[in-house]
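# Fold and contact review
Each chain is listed here by its residues.
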Amino acid sequence: QQPVQSPQAVILREGEDAVINCSSSKALYSVHWYRQKHGEAPVFLMILLKGGEQKGHEKISASFNEKKQQSSLYLTASQLSYSGTYFCGTEEPGTYKYIFGTGTRLKVLA
Amino acid sequence: DAGVTQSPTHLIKTRGQHVTLRCSPISGHKSVSWYQQVLGQGPQFIFQYYEKEERGRGNFPDRFSARQFPNYSSELNVNALLLGDSALYLCASSYISGYTFGSGTRLTVV
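Residues numbered from 1 in each chain as written. Chains lettered and ligands numbered in written order. Predicted model: local features only at pLDDT ≥ 70, side-chain atom pairs only at ≥ 80, totals over all residues. Heavy atoms only, no water.

## What to know about the overall build of chain A
We count it as follows: Comment: elements are numbered from the N terminus, with helices defined as DSSP H or I runs of at least four residues and strands as E runs of at least two. Atoms considered for the radius of gyration are the C-alpha atoms alone. The globule rule reads 2.2 Å times the number of residues to the power 0.38. Exposure is judged per residue with a 1.4 Å probe applied to protein chains only, and the accessible area is read against the type maximum: over 50% gives exposed, under 20% gives buried, and values in between give partly exposed. Any two residues whose heavy atoms approach within 4.5 Å at even a single point are treated as in contact. Here the open area of atoms and residues is found with the Shrake-Rupley method and a 1.4 Å probe, where only the protein chains shown may cover a residue.
When helices and strands are tallied, chain A shows zero helices and eleven strands. Along its sequence from the N terminus, chain A presents helices and strands in the succession β-β-β-β-β-β-β-β-β-β-β. A globule of 110 residues ought to have a C-alpha radius of gyration of about 13 Å, and chain A, at 13 Å, matches this closely. With the C-alpha coordinates aligned to their principal axes, the bounding extent of chain A is approximately 45 × 30 × 20 Å. Counting only residues that meet the buried cut, chain A has 44% of its 110 residues in that class. Pairs at least 24 residues apart make up 54% of the contacts formed inside chain A by residues separated by at least 6 positions. Carbon and sulfur atoms make up 50% of the accessible area of chain A, which amounts to about 5,700 Å² in all.

As structure tokens, this is what we get:
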């Protein structure tokens, strides 16, 4: 079962903040975040390896709550370039199967 | 450094035909994985190869096969093409963590 992301879609004005959540019914040992623009390949944003780990990438950061089996991506002071579909991804332990989350479509308006 | 390269970029095939897609990973990356992305959906895991060995397989029929060569490049083969195989096929390579995707091969089956 793929991780479920929420919200499914969000529309922001430039400068607004957003939070994208990724929840799994199975244990998560690592979480990756990607952004995919229309017609392009997914671009790796960051990886979180440990429960409680938080990372930042310019104005994009993420947290990982291993116990709750969820991760959140934080977009602050959004820019037009942030528009796209965001996916979380994780590897099923012991299988090497990689699973993407359900995706969140984000659109930033001027 | 060159990124992940895939060929061809676009392909049109007829139902029942066979197709071979190719991927060259980033230099030094020993792991290659393949994904199918149908329009409007997230990527679905097909295979992962590491050091020429299949390490993981997704829920795809036996018509799908792959291999990895000594130089770590990889081929994805699909036999007896169906209309439903029309999709963007993505290849990704990884070293320690995180995946870098190629631009994909857009396959259309008519």
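This is not the end of the story, as more comes after the structure.
## Re the packing of aromatic side chains
The cut-off we apply is this: Geometry of aromatic contacts follows a simple scheme: Phe, Tyr and Trp rings, the Trp one being its six-membered ring, pair when their centres are within 6.5 Å, and the pair is stacked under 30 degrees between planes, edge-to-face over 60, tilted otherwise.
In total, this model carries 14 aromatic pairs over all chains according to the counting rule given. With a centroid separation of 5.7 Å and 80° between ring planes, the pair formed by Tyr-34 of chain A and Phe-101 of chain B is classed as edge-to-face. Remark: Phe-101 of chain B occurs in strand S10 (residues 100-101) and Tyr-34 of chain A occurs in strand S4 (residues 31-36); the pair is interchain, linking two chains. Overall, the relative accessible area of 9% leaves Phe-101 of chain B in the buried class. Ring centres of Phe-47 of chain B and Tyr-49 of chain B lie 6.1 Å apart, and the angle between their planes is 55°; on these two criteria the pair is classed as tilted. Following the ring pairs from residue to residue traces out a cluster consisting of Tyr-34, Phe-44, Phe-87, Tyr-98 and Phe-100 of chain A together with Tyr-35, Phe-45, Tyr-99 and Phe-101 of chain B.

## Side note on the state of the cysteines
For clarity, the cut-off: The rule for a disulfide is simple: a pair of cysteine sulfur atoms within 2.5 Å.
This structure, assessed with the given rule, holds two disulfides over all chains. A sulfur-sulfur separation of 2.1 Å characterises the disulfide bridge that pairs Cys-22 of chain A with Cys-88 of chain A. Its S-S torsion of approximately 70° makes the covalent link between Cys-22 of chain A and Cys-88 of chain A right-handed. A residue pair is termed long-range when its members are at least 10 positions apart, and Cys-22 of chain A in strand S3 (residues 18-23) and Cys-88 of chain A in strand S9 (residues 84-91) qualify at 66 residues. As far as burial versus exposure is concerned, Cys-22 of chain A and Cys-88 of chain A are alike and both buried. With a sulfur-sulfur separation of 1.8 Å, Cys-23 of chain B is cross-linked through a disulfide to Cys-91 of chain B. As the torsion about the S-S bond is roughly -60°, the Cys-23 of chain B-Cys-91 of chain B disulfide counts as left-handed.

## Looking at the pairing of S9 of chain A
All names here are of chain A. Definition in use: Being paired, for any two strands, means DSSP has found at least two bridges between them.
S9 sits mainly inside the fold: seven of its eight residues count as buried. Pairing analysis gives five bridges linking S4 to S9, with the strands arranged antiparallel. Each residue of the ladder has a partner; that of Trp-33, found in S9, is Cys-88. Pairing of S9 with strand S10 (residues 98-100), which is carried by three bridges, proceeds in the antiparallel orientation. The residue of S10 that forms the bridge with Glu-91 is Tyr-98. Hairpin connection between S9 and S10: a loop of six residues separates the two successive antiparallel strands, and Gly-94 in this loop has a positive phi of roughly 80°.

## A few points about the pattern of salt bridges
Residues and elements named next belong to chain B. Condition: What counts as a salt bridge is simple: a side-chain nitrogen of Lys or Arg found within 4 Å of a carboxyl oxygen of Asp or Glu.
The full count for this structure, using the stated rule, is seven salt bridges over all chains. The residue Glu-51 makes a salt bridge to Lys-30 at a minimum N-O spacing of 3.4 Å. Linking Glu-51 in the loop between strand S5 (44-50) and strand S6 (53-57) with Lys-30 in the loop between strand S3 (19-24) and strand S4 (31-37), this pair joins segments that are 21 residues apart in sequence. Taking relative accessible area as the criterion, Glu-51 reaches 29% and is therefore assigned partly exposed. Two residues, Glu-54 and Arg-57, come together in a salt bridge whose shortest N-O distance is 3.5 Å. A relative accessible area of 39% places Glu-54 in the partly exposed class. Three or more residues joined by partner-sharing salt bridges are found here, namely Arg-22, Arg-67 and Glu-75.

## Considerations on the interface of chain A and chain B
By a widely used convention, the size of an interface equals the accessible area lost when the partners come together. The condition that has to hold: As a working definition, buried area equals the accessible area (1.4 Å probe) given up by two parts on being put together, with both sides summed. Within 3.5 Å is the distance limit for a polar contact, defined as a pair of N or O atoms, with the added protein rule that one can donate a hydrogen and the other accept it, and that residues adjacent in sequence qualify only through two side-chain atoms.
Residue-level contacts link 15 residues of chain A with 19 residues of chain B. Of the roughly 1,400 Å² buried between chain A and chain B, counting both surfaces, carbon and sulfur atoms make up 61%. The three residues of chain A that bury the most area against chain B are Tyr-96, Tyr-98 and Phe-100 of chain A, which together make up 34% of that side's buried surface. The interface formed by chain A and chain B holds zero salt bridges in total. Remark: the boundary between chain A and chain B carries two residue pairs in polar contact (both at pLDDT 80 or more). Elements with a minimum of two residues in the side of chain A that touches chain B: S4, strand S5 (43-48), S9 and S10 of chain A.

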